[in-house]
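Given next are the chains, with one letter for each unit.
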Amino acid sequence: MTKNVFLKKILMKKFMILAILAVALSGCGSDRSKKTNEVAQNDVSGQSGSFIIGCPETILPLLNKWKQEFVKNHAKIKIGITPVNSGKILNMLENNQIQIAVLSGNDGRESFWTAPVAKDAVLPVVSFDNNNLQQIVLSGITKEKLAAAFTGKLKTWRQLLQAGSNDPIEVFKLSDSSGSSAMWAEFLKVKPSDFKGTLVFNENDIPMMVAGNKNAIGYCSFTDIYDINTGLKKRNLYVLPVDLNSNNQTDDNELVFDKIGDLKSAVASGKYPSPPGRKFYMACKKAPDDRAITSFIKWILTIGQSYCDQYGFVTIEKNEASVSLKQME
């Protein structure tokens, strides 16, 4: 073998080795580039910011879930959540103690920019042990009579139903400033301050206290009445049907409470009235221009709606969401 041929073979081997190394390094660079792109996507191009949200306890579990899922892809946006009584939340927003207030129902909406984000309904509940349950199921109770019961004008079940036992009506109520009290009072056309009875501080305690007292009546969000996993009412609870058309009998649209799915469909379609059906709103002092805030609200109105059902809420109609989305463009 000549010297020139030998040198050519050595050069060819070196060239092949260099080519293999180049391909390998190119692959590593591709992996690095892919990982960098993934990080960039997860960080939404480095978008950052911080804000605080005040919200009533009813929607707190859903709001926490929204935050948890949102920050997975928005690591540099910091969100604080503080439970706030509905009576204080507007003052906190006005005084810049919070940047977003979650409002239940229509209270204070006219003074702020708002976007609807979820729906539920406030319902009257009684114990399944109520001695008058059969009569309640057959006839329901009108708004006017319910108003008289909750304000203490009717004091016994016989007065309320014009039949049945003479047991006393034992009312359980929430704070006057509670969003659920405001919505239930609006439905009954009275003031929350007119309600009489035993004050319960936490809304999720209402079902337990009513279920354990055969003469009790109370009100709360349906998210506290139903077991979200089974879709059925919690043990020993019955949702009192309201005789909406005052015909002294319960019609099909007044008996939608066996499963939460049926009730949610009735609320979504408008078959069950509002009030006591209600919307929850994200409220800001003005149309938000902070990128962190608009990103979060836009996410809630799109991807975030998929979590409403998991926590017992009803989603917002797409046309309503699109109006709010356009306002933030």
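Preceding block: the structure.
So, how was this worked out
- Residues numbered from 1 in each chain as written.
- Predicted model: local features only at pLDDT ≥ 70, side-chain atom pairs only at ≥ 80, totals over all residues.
- Heavy atoms only, no water.
- Helix = DSSP H or I, 4+ residues; strand = E, 2+ residues; numbered from the N terminus.
- Buried < 20%, exposed > 50% of the residue type's maximum accessible area, 1.4 Å probe, protein only.
- Contact = heavy atoms within 4.5 Å.
- Arc of directions from axis to C-beta.
- Core = buried A, V, L, I, M, F, W, Y, C linked by side-chain atoms within 4.5 Å.
- Pairing = 2+ DSSP bridges.
- Polar contact = N/O pair within 3.5 Å; in protein donor to acceptor, adjacent residues only side chain to side chain.
- Phe/Tyr/Trp six-rings, centres within 6.5 Å; stacked < 30°, edge-to-face > 60°.

All right, on to the overall build of the protein then. Counting its regular elements, the protein contains twelve helices and nine strands. Across the 329 residues of the protein, 47% fall into the buried class. Of the contacts formed within the protein by residues at least 6 apart in sequence, a portion of 75% connects residues at least 24 apart.

The next point concerns helix H10 (residues 260-269). Those residues of H10 that sit buried are Ile260, Leu263, Lys264, Ala266 and Val267. Seen from one end, H10 has its buried residues packed into an arc of 160°, which puts them on one side. Taken together, the buried residues of H10 touch strand S4 (113-127) and helix H9 (222-225). Positioned one or two residues after H10, glycine 270 has a phi angle of 85°, which is positive.

To continue, consider the nonpolar core. In this structure, Leu123, Leu146, Phe150, Trp157, Trp184, Ile217 and Phe222 are the most contacted members of the largest nonpolar core, which totals 51 residues. With near-sequence residues (within four places) excluded, tryptophan 184 lies in contact with Val122, Pro124, Leu146, Phe150, Phe195, Tyr219 and Pro276. Judged by nonpolar contacts, the second largest core, of 32 residues, contains Leu60, Ile79, Ala118 and Tyr307.

Glancing now at the pairing of strand S3 (residues 100-104). Most of S3 sits inside the fold, with five of its five residues counted as buried. Burial along S3 is two-sided: Ile100, Val102 and Ser104 and Ala101 and Leu103, pointing in opposite directions, are all buried. Note that strand S1 (residues 49-55) and S3 share two bridges and pair parallel. Residue pairing for S3: glycine 54 is matched across the bridge by alanine 101. In this structure, S3 lies alongside strand S9 (residues 277-284), joined through four bridges in antiparallel fashion. Its bridge partner lying in S9, serine 104 is registered against phenylalanine 280.

For the rest of this paragraph, the subject is the pairing of S4. With 15 of its 15 residues buried, S4 lies for the most part within the structure. Pairing of S4 with S9, which is carried by eight bridges, proceeds in the antiparallel orientation. Across the sheet, residue tryptophan 113 finds its bridge partner in S9, namely cysteine 284. Relative to strand S7 (residues 216-221), S4 runs antiparallel, the two sharing five bridges. Paired with valine 126 across the two strands is isoleucine 217, which belongs to S7.

Residue position: threonine 294 is located in helix H11 (residues 291-301). A polar contact of 3.1 Å, which involves the side chain of threonine 294, links it to the backbone oxygen of arginine 291. With sequence-adjacent residues up to four places away left out, threonine 294 is seen in contact with Pro288, Asp289 and Met328.

We now examine the packing of aromatic side chains. Counted according to the given criterion, the structure contains 13 aromatic pairs. Considering the side-chain rings of phenylalanine 150 and tyrosine 219, the 5.8 Å spacing of their centres and the 65° angle between planes classify their relative orientation as edge-to-face. Placement of the pair is phenylalanine 150 in helix H5 (residues 143-150) and tyrosine 219 in strand S7, with a sequence separation of 69 residues. For the residue pair phenylalanine 150 and tyrosine 219, the accessibility class agrees, reading buried in each case.

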